[in-house]
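# A structural walkthrough
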Amino acid sequence: MKTLLRYSLIATALVAASASAQTFPTKPVTMVIPFAAGGPTDVVGRLLAQSMSKTLGQQVIVENTVGAGGTIAATRVARAAPDGYTVLLHHIGHSTAPSLYRKLPYDALTGFETVGLVTDVPMTVVSKGDFPAKDFAELVKNVKANSEKINLANAGTGSASHLCGMLLQDALGVKVTTVPYKGTAPAMNDLLGGQVDLMCDQTTNTTSYIKSGKIKAYAVTTPKRLAVLPDLPTTREAGLPAFEVAVWHGMYAPKGTPQDVVMKMNNALKVALKDQLVIDRFAGLGTEPVADNRTSPEVHKQFLTAEISKWKSVIEKAGVQPE
Ligand code: ASP
């Protein structure tokens, strides 16, 4: 009798889950962004949200849950109801946080359903407008000579700017003072105002300021030069092949979100990545959607697994102690 009751309860739960997946979404979906509004992750998220709202027939609302290098937002989504109404748009930091924090309240790999990869964004090494170095060689000389006076902005431990700044310091063999912000939008304000000297940030945030000459750019961290900034040398050309990083973004749902709901989100994501408006805006920011064969939840999961182990060894080699 008891067994019968259990089976009928399971069957009812399964029917309810698949019925909810069929009608999903019946209300707005919240997309949690781990960094400040107006910054590079926020820009990518808002472009996706606009397009995904059309496909899903429901508003995708962006919410910025900032702090602790993106881990507060990830915690929030890991603990949210697994119903597809709360998703996370995160970047490479989701794969570095497990090596940078002693105790995270979630498991970056098993605590989420991967929805799909979004885009890879190059990073640029930039300085305040009047920093006394005109090219990468001069920057290296200056930073080495004045390391104790130089400030490097980032978006907190676990952010992409933190990782990129760590690689830069490691490549140059120096330590400078790092200044954490809640995202690189506020960090950029201070760089523009000259309160901090250097930053390493996605092209989605730096391209327009580089082009208008408000900040100086020294190198791009991808193996190839960028079409939008063709004069900017790569870190490889500058003689630092170990200093290479591209900031990939991915979307996540809480662990246990029904697979058909995940696939509906994945489909809306895929449509967004083919949306000409998204493609054009991405291009203007120095990036493009990932290739079709990288948008599935499975490929995203495999990639995340590889990235977690790749960055673990880089971070350990750099001697960075987890917080
Ligand atoms: N670019 C930031 C980072 O360093 C995050 C952001 O503000 O989007 O991770």
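In this report, the structure presented in the accompanying data block is examined. (Residues numbered from 1 in each chain as written. Predicted model: local features only at pLDDT ≥ 70, side-chain atom pairs only at ≥ 80, totals over all residues. Heavy atoms only, no water.)

### Observations regarding unusual backbone geometry
The omega torsion of the bond from Phe24 to Pro25 falls at -5°, within 30 degrees of zero and hence cis. Checked against the element boundaries, Pro25 lands in the loop between α1 (2–23) and β1 (29–33). (Helix = DSSP H or I, 4+ residues; strand = E, 2+ residues; numbered from the N terminus.)

### Description of empty space enclosed by the protein
Applying the stated criterion across every chain, the model contains two cavities of 30 Å³ or more. Space inside the largest cavity adds up to approximately 70 Å³. If you go around the largest cavity, you meet 13 residues; those closest to its centre are Phe35, His91, Ala155, Thr184 and Gln202. If you list the elements that add at least two residues to the lining of the largest cavity, you get α2 (40–56), α6 (160–172) and β7 (198–202). Partitioning the lining of the largest cavity into residue classes produces four nonpolar, eight polar and one charged. Estimates place the volume of the second largest cavity at around 30 Å³. (1 Å grid on protein atoms, 1.4 Å probe; cavity = no way out; pocket = protein on both sides within 12 Å on 5 of 7 lines; lining within 4 Å. Points joined across faces, edges and corners; volume = space filled by probe spheres on them. Nonpolar A, V, L, I, M, F, W, Y, C, P; charged D, E, K, R; others polar.)

### Some points on the environment of Lys264
Mapping Lys264 onto the fold places it in helix α9 (residues 259–274). Lys264 sits in the partly exposed class, given a relative accessible area of 28%. The sequence separation of Lys264 and Ala21 amounts to 243 residues, and the corresponding C-alpha distance is 8.4 Å. With sequence-adjacent residues up to four places away left out, Lys264 is seen in contact with Ala21, Gln22, Thr23, Phe24 and Leu56. (Buried < 20%, exposed > 50% of the residue type's maximum accessible area, 1.4 Å probe, protein only. Contact = heavy atoms within 4.5 Å.)

### Looking at the layout of surface pockets
Space inside the largest pocket adds up to approximately 360 Å³. Taken together, 17 residues form the lining of the largest pocket, with Pro122, Leu226, Gly286, Thr287 and Glu288 sitting closest to its centre. At the level of elements, β4 (112–128) and β10 (288–289) are the ones that each hand at least two residues to the lining of the largest pocket. Of the residues assigned to the lining of the largest pocket, the class counts are nine nonpolar, three polar and five charged. What the second largest pocket holds in volume is close to 310 Å³. Lining the second largest pocket we find 20 residues, and of these His162, Met166, Gln169, Thr178 and Val320 sit closest to its centre. For the lining of the second largest pocket, the secondary structure elements donating two or more residues are β5 (151–154), α6 and β6 (177–180). Counting residues per element, the lining of the second largest pocket draws most heavily on α6, at six residues.

### Considering the pattern of salt bridges
Under the defined criterion, the tally for this structure stands at 12 salt bridges. The residue Arg76 makes a salt bridge to Glu63 at a minimum N-O spacing of 2.7 Å. With Arg76 in helix α3 (residues 71–78) and Glu63 in strand β2 (residues 60–64), the pair connects residues that are 13 residues apart, well separated along the chain. Judged by relative accessible area, which is 32%, Arg76 ranks as partly exposed. Across the pair Arg294 and Asp120 runs a salt bridge, and its minimum N-O distance is 2.8 Å. Here Asp120 lies in strand β4 and Arg294 lies in the loop between β10 and α11 (297–317), a separation of 174 residues in the sequence. A relative accessible area of 28% means that Asp120 is categorised as partly exposed. Several salt bridges converge on common partners, so that one network encompasses Lys134, Asp135 and Glu138. (Salt bridge = Lys/Arg side-chain N within 4 Å of Asp/Glu carboxyl O.)

### What to know about the pairing of β4
Where burial is concerned, most of β4 is hidden: 16 out of the 17 residues are buried. As paired elements, β4 and strand β9 (residues 246–254) share nine bridges and run antiparallel to each other. When the bridges of β9 are listed, Thr114 appears paired with Tyr252. One ladder, built from two bridges, connects β4 with β10; its direction is antiparallel. Note that in β10 the partner of Thr119 across the bridge is Pro289. Bridging between β4 and β7 involves five bridges; their strand directions are antiparallel. Bridge assignment links Val126 to a residue of β7, and that residue is Met199. Sheet analysis places β4 next to strand β8 (residues 215–220), joined by five bridges and oriented antiparallel. Looking at the pairing, Thr124 lines up with Val220 of β8. (Pairing = 2+ DSSP bridges.)

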